[in-house]
Amino acid sequence: MNKRTFLKTSSVLITGSMLSNLMACKEKATPRTNWAGNLTYSTDNLYTPQSVSELQELIKKCKKVRGLGTKHCFNTIADSPENQISTAAFNKILSLDKDNHTVTVEAGIKYGELCKYLDDNGYALHNLASLPHISVAGACATSTHGSGLRNGSLATGVVALEMVNGKGEIVNLSRDKDGDEFFGAVVGLGALGIVTKMTLALQPTFKMKQVVYQNMPMSALEKDFEQIMSSGYSVSLFTDWTRQNISEVWIKSKAAEMKEVAPEFFGATLATKHLHPIEALDAVNCTEQMGVEGPWYERMPHFKMGFTPSSGKELQSEYFVAFEHAYAGLLAIEKLHEKVSPHLLITEIRAIAEDDLWMSPFYKKTCVAFHFTWKQEVEEVTQLLPLIEEALAPYEPRPHWGKLFRLKPSVLQYRIQKLTDFKNLMAKHDPEGKFRNEFIDLNLFEESQA
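Below or above, wherever it landed, is the structure these notes cover.

Conventions we followed
Residues numbered from 1 in each chain as written. Predicted model: local features only at pLDDT ≥ 70, side-chain atom pairs only at ≥ 80, totals over all residues. Heavy atoms only, no water. Helix = DSSP H or I, 4+ residues; strand = E, 2+ residues; numbered from the N terminus. Rg over C-alpha atoms; globule rule 2.2 N^0.38 Å. Buried < 20%, exposed > 50% of the residue type's maximum accessible area, 1.4 Å probe, protein only. Contact = heavy atoms within 4.5 Å. Areas by Shrake-Rupley, 256 points an atom, 1.4 Å probe, with all protein chains shown as cover. Lys, Arg positive; Asp, Glu negative; His and termini not counted. Charge placed at Lys NZ, Arg CZ, Asp CG, Glu CD. Pairing = 2+ DSSP bridges. Axes fitted to C-alpha atoms, helices over the stretch in contact; angles between N-to-C directions. Salt bridge = Lys/Arg side-chain N within 4 Å of Asp/Glu carboxyl O. Core = buried A, V, L, I, M, F, W, Y, C linked by side-chain atoms within 4.5 Å. Phe/Tyr/Trp six-rings, centres within 6.5 Å; stacked < 30°, edge-to-face > 60°. Lys NZ or Arg CZ within 6 Å of the ring centre and 35° of its normal. Polar contact = N/O pair within 3.5 Å; in protein donor to acceptor, adjacent residues only side chain to side chain.

Here we look at the overall build of the protein chain
Here is step 1 of the chain: What the protein chain contains, in helices and strands, is 12 helices and 21 strands.
Here is step 2 of the chain: In terms of overall dimensions, the protein chain is globule-like: its C-alpha atoms have a radius of gyration of 21 Å, near the 22 Å expected for 450 residues.
Here is step 3 of the chain: Across its three principal directions, the C-alpha atoms of the protein chain cover 65 × 55 × 40 Å.
Here is step 4 of the chain: Within the protein chain, the proportion of its 450 residues that are buried is 60%.
Here is step 5 of the chain: Restricting to contacts in the protein chain with at least 6 residues of sequence separation, those with at least 24 account for 73%.
Here is step 6 of the chain: For the protein chain, the computed accessible surface area is about 17,800 Å², with 48% contributed by carbon and sulfur atoms.
Here is step 7 of the chain: The averaged location of the 53 negative side-chain charges in the protein chain is 4 Å from the averaged location of its 48 positive side-chain charges.

Quick look at the structure:
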């Protein structure tokens, strides 16, 4: 099975027509791929508008189009057979509101470009993802997250947004004024329009420390899962599913709240050197560990802001289940360890707080995340995903919107409480279906899958 066949079975296979040159700047590259290199985009028509007015004209003239951020999605959610519009030129910090403790940024800015500015001005974001090299709007549109039982996904920091919808209209929505429509638009999957700017809530800046423990028995999680996952501001567990063992526990805490570091933690021992999540790899690009104090943005991600990742020869998938099913879900996956481990680089387990965002996997439900970073072995991963989904089925898993999954559309749709409302929002803002691609059609509209 080749890469394209895999992407078809996991989400979509797209074909289509070409669009003539428009007024916006157009980039051409052959082939164009996503960050991981597992997906070649279906069109060479990539436009990079320099202004909102150019973006409006593009959307009005395109029959079909999808927005493209930093290309960190592993499936075809951002793909199009006809046209893609990059938000790369929308990368500025627009304003800092010290009265309301918010910052307004253009949609394409990367978290790594924003955080130092905030820290220099006395502010912090509530959470960050593992990599800081992703765009603000792209991360929020797919409900990308960090970790922490009391920390929502990155999208929960949004308090207002501006987008250009399928009619070419500029639409402004805010948490305070627009209620349900705002909650429906934040995790918008690129299906309502192209976001041009976002306003994010801020908190006072703080220092963090990070420590890593090694070799925790999985059995320690049976009774103490919640205590372990709430032992820091952000906690991540890493395992390759061998030896019923959590190979590394990363605990990130506010420096002012970190107690004396114990030499043991639920059967794990304190690391004596910097570690990569995959222990065999060099930790040079990982954020500082060993309890060394530093700025929040230099501890909260796993990887350094100054490190620019090259094309990652990997595949990723991620599933979320309600937190109360965390240990049962872990055991269900562990039973597959002989099949999973040979094709796996590492699995990360995190917690994410519930939210009110319609299309978020965490809608009204605090979750645990099982994140799989696979070797780039397409055929093997294709076969493994349904096994994992079946093992987790009793706990009604939801997938990460930007990663690989094989759930039947009817099953996925049943698990989205606000799907009908979101479809109504799509009809309002994109009545001609300009932003619908085969990924959206398959996963939100198709009634069955062979």
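Additional details are given in the paragraphs that follow.
Here we look at the sheet that holds strand S5 (residues 93–97)
Here is step 1 of the chain: Strand order in the open sheet formed by 5 strands is S5-S6-S10-S8-S9, and the pairing between neighbours is antiparallel. Single-partner strands in this sheet number two, and they are S5 and strand S9 (170–174). The mean inter-strand angle of the sheet, taken between neighbouring strand axes irrespective of direction, is 15°.
Here is step 2 of the chain: Pairing between strand S8 (residues 158–165) and strand S10 (residues 193–201): 7 bridges, direction antiparallel. Considered in S10, the bridge of leucine 161 is made with methionine 198.
Here is step 3 of the chain: Taken strand by strand, helix H2 (residues 52–61) contacts S8, S9 and S10, and its axis lies near 50° from that of S8.
Here is step 4 of the chain: Sheet strands touched by helix H5 (residues 175–185): S8 and S9. Its angle to S9, the strand with the most contacts, is close to 110°.

Comments concerning H5
Here is step 1 of the chain: Within the sequence span of H5, burial applies to Glu181, Phe182, Phe183, Gly184 and Ala185.
Here is step 2 of the chain: Looking at the packing, one finds that the buried side of H5 touches S8, S9 and helix H11 (419–429).

Thoughts on the pattern of salt bridges
Here is step 1 of the chain: Using the criterion set out here, one finds 10 salt bridges in the structure.
Here is step 2 of the chain: Across the pair glutamate 162 and lysine 197 runs a salt bridge whose closest N-O atoms are separated by 3.7 Å. Taken together, the residues span a long stretch of sequence, with glutamate 162 in strand S8 and lysine 197 in strand S10 at a distance of 35 residues.
Here is step 3 of the chain: Classification of glutamate 162 as buried rests on a relative accessible area of 10%.
Here is step 4 of the chain: Owing to a relative accessible area of 28%, lysine 197 belongs among the partly exposed residues under this scheme.
Here is step 5 of the chain: Between arginine 350 and glutamate 348 there is a salt bridge whose closest N-O contact spans 3.3 Å.
Here is step 6 of the chain: Residue class for arginine 350 comes out buried when judged on its relative accessible area of 7%.

A few points about the nonpolar core
Here is step 1 of the chain: The biggest cluster of nonpolar side chains holds 106 residues, and the ones touching the most others in it are Leu125, Trp296, Met359, Trp374, Trp401 and Leu444.
Here is step 2 of the chain: Per-element tally for this core: the top contributor is helix H9 (residues 378–392), with 6 residues.
Here is step 3 of the chain: Here leucine 125 is in contact with Tyr111, Leu114, Cys115, Leu118, Leu200, Ala201, Leu202, Gln203, Phe206, Trp296 and Met300, once residues within four sequence places are set aside.
Here is step 4 of the chain: Counting 11 residues, the second largest nonpolar core, distinct from the first, contains Trp250, Ala271, Ile278 and Phe303.

Comments concerning the packing of aromatic side chains
Here is step 1 of the chain: Under the criterion given, the structure shown has 12 aromatic pairs.
Here is step 2 of the chain: The interplanar angle of 45° and the centroid separation of 5.7 Å between the aromatic rings of phenylalanine 206 and tyrosine 233 together place this pair among those described as tilted. Of this pair, phenylalanine 206 sits in the loop between strand S11 (203–204) and strand S12 (207–217) while tyrosine 233 sits in the loop between helix H6 (221–229) and strand S13 (234–239), and the two are 27 residues apart along the sequence.
Here is step 3 of the chain: A network of ring pairs unites the aromatic residues Phe206, Tyr233, Trp296 and Tyr297 as a single cluster.
Here is step 4 of the chain: In this structure, lysine 423 packs its charged tip against the face of phenylalanine 445, placed 4.6 Å from the ring centre.
Here is step 5 of the chain: We note arginine 436 situated over the ring of phenylalanine 445; from NZ or CZ to the ring centre the distance is 3.7 Å.

Observations concerning H2
Note on helix geometry: an α-helix contains 3.6 residues per turn, so any two residues three or four positions apart are oriented the same way.
Here is step 1 of the chain: What H2 keeps buried is the set Glu54, Leu55, Gln56, Leu58 and Ile59.
Here is step 2 of the chain: Looking at the buried residues of H2, the elements they touch are strand S2 (46–47), strand S4 (84–86), S8, S9 and S10.

Some remarks on the environment of arginine 398
Here is step 1 of the chain: Topologically, arginine 398 is positioned in strand S21 (residues 398–399).
Here is step 2 of the chain: Between the alpha carbons of arginine 398 and valine 411 there is a distance of 9.5 Å; along the sequence they are 13 residues apart.
Here is step 3 of the chain: For arginine 398, the contacting residues outside a window of four places in its chain are Glu318, Tyr319, Phe320, Met359, Ser360, Pro361, Leu412, Arg415 and Ile416.
Here is step 4 of the chain: Only 3.4 Å separates the side chain of arginine 398 from the backbone oxygen of methionine 359, close enough to count as a polar contact.

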